[in-house]
Amino acid sequence: MDIRGIIANFAPIVSVLMWMLLAYLILLWAASVLWTYRDIHSRSEDVAVQVLAVALALVLPFGGVALHLILRPRQTLAQKYERALEEEYLRRNLEDPHVCPTCQRSVELDFILCPYCQTALRRRCVACGRVIDLAWSVCPYCGDDGAGALQRPGYRQRLETEHMQVYER
C-alpha cells in the first residue's frame, strides 16, 4: 500500500471533519452574534448602539465580540435602575429619617397616625398620656403595661399627688 492509497482512504474522513469544524465555527459565530444582541439590549436602550454592536459581531466574527466586550457599558439597565433606587432610598433616609412604614411618606416624630394612609405609627399611654412606640409593651415614662397594672406601683401615687398639687395651685 502506498501513501497515495492511505491519503485517498483518509480524504473523505478529513473532508467530513472539516465540514463539521466549519459548521461548528458557523454555529459559534451565530451564537456570539445572538449573545452580543442580548447583552447590548440589556445594557442600552439606544437603537444605534445596539445595531452597531450586532454589526460588529456580524462583520468581524469573534473579533467583534471582543470589541463589544471592551466598548460595552459596564452596568445593565437593571443594575442602573437598582442603583438609582438605592441612592434615592439612602438620600431619603438622610434627609428625613421619619417615614411611614407603609406609604414611605414623611411624618413627624410625634404623629400617632400617618396622615396619608392612616397607618398606626404610635399610641398614647393610657396612664400618662405620652406617645409611645407600638412595639413597647410597657410605657417607659410611667411603667404602665396597658392593662391598668403599673410595673412600679408607687409611680401612680406620685402621679396622682403631682396632679393634685397642680390643681391646688
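Here the structure is a predicted model, which means the values were calculated and not measured.

What follows concerns the overall build of the chain. Along its length, the chain carries 5 helices and 2 strands. For the chain, the sequential pattern of α-helices and β-strands runs α-α-α-α-β-β-α. Taking as baseline every contact in the chain between residues at least 6 positions apart, the subset at least 24 positions apart corresponds to 22%. Carbon and sulfur atoms provide 63% of the accessible area of the chain, an area that totals close to 13,000 Å².

The subject of this paragraph is the packing of aromatic side chains. As enumerated under the stated definition, the model contains 0 aromatic pairs in all. Sitting over the face of the ring of Y141, R130 holds its NZ or CZ atom 3.7 Å from the ring centroid.

This brings us to the confidence of the model for the chain. When pLDDT is averaged across the chain, the result is 84; 83% of the residues are at 70 or more. The least confident element of the chain is helix α5 (residues 153–168), whose mean pLDDT is 58; the most confident is helix α2 (residues 47–59), at 95.

Here we come to α2. End to end, α2 covers 18 Å across 13 residues, agreeing with the expected 18 Å (1.5 Å per residue, within 8%). Those residues of α2 not exposed but buried are Q50, A53, V54 and A57. End-on view of α2: buried residues confined to an arc of 90°, all on one side of the axis. Along α2, exposed side chains directed more than 90 degrees from the buried face belong to A48, V51, L52 and V59. For α2, the elements touching its buried residues are α1 (3–43) and α3 (63–71).

With that settled, the discussion passes to α3. Among all positions in α3, only G64, V65 and H68 are buried. Down the axis of α3, the sector holding all buried residues measures 100°, keeping them to one side. Along its buried surface, α3 packs onto α1 and α2.

Bringing the packing of α2 against α3 into the picture now. Pairs of packed helices are described in terms of their axes, by the angle between the two and the distance that separates them. Viewed as axis vectors pointing N to C, α2 and α3 meet at an angle of 150°, and their least axial separation amounts to 6 Å. Across from A53, L56 and A57 in α2, the residues of α3 making contact are G64, V65, L67 and H68. Of the residues assigned to the contact of α2 with α3, the class counts are 5 nonpolar, 2 polar and no charged.

Turning our eyes to something else, we now look at the environment of A135. Its location among the elements puts A135 in the loop between β2 (131–133) and α5. Classification of A135 as exposed rests on a relative accessible area of 67%. Note: C-alpha distance between A135 and R122 (13 residues apart in sequence) is 8.6 Å.

By the secondary structure assignment, S44 is in the loop between α1 and α2. Taking relative accessible area as the criterion, S44 reaches 11% and is therefore assigned buried. Setting aside residues up to four positions removed in sequence, S44 forms contacts with V49, Q50 and L77.

How each quantity is defined
Residues numbered from 1 in each chain as written. Predicted model: local features only at pLDDT ≥ 70, side-chain atom pairs only at ≥ 80, totals over all residues. Heavy atoms only, no water. Helix = DSSP H or I, 4+ residues; strand = E, 2+ residues; numbered from the N terminus. Contact = heavy atoms within 4.5 Å. Areas by Shrake-Rupley, 256 points an atom, 1.4 Å probe, with all protein chains shown as cover. Phe/Tyr/Trp six-rings, centres within 6.5 Å; stacked < 30°, edge-to-face > 60°. Lys NZ or Arg CZ within 6 Å of the ring centre and 35° of its normal. pLDDT = per-residue confidence, 0-100. Expected span 1.5 Å × (residues − 1). Buried < 20%, exposed > 50% of the residue type's maximum accessible area, 1.4 Å probe, protein only. Arc of directions from axis to C-beta. Axes fitted to C-alpha atoms, helices over the stretch in contact; angles between N-to-C directions. Nonpolar A, V, L, I, M, F, W, Y, C, P; charged D, E, K, R; others polar.

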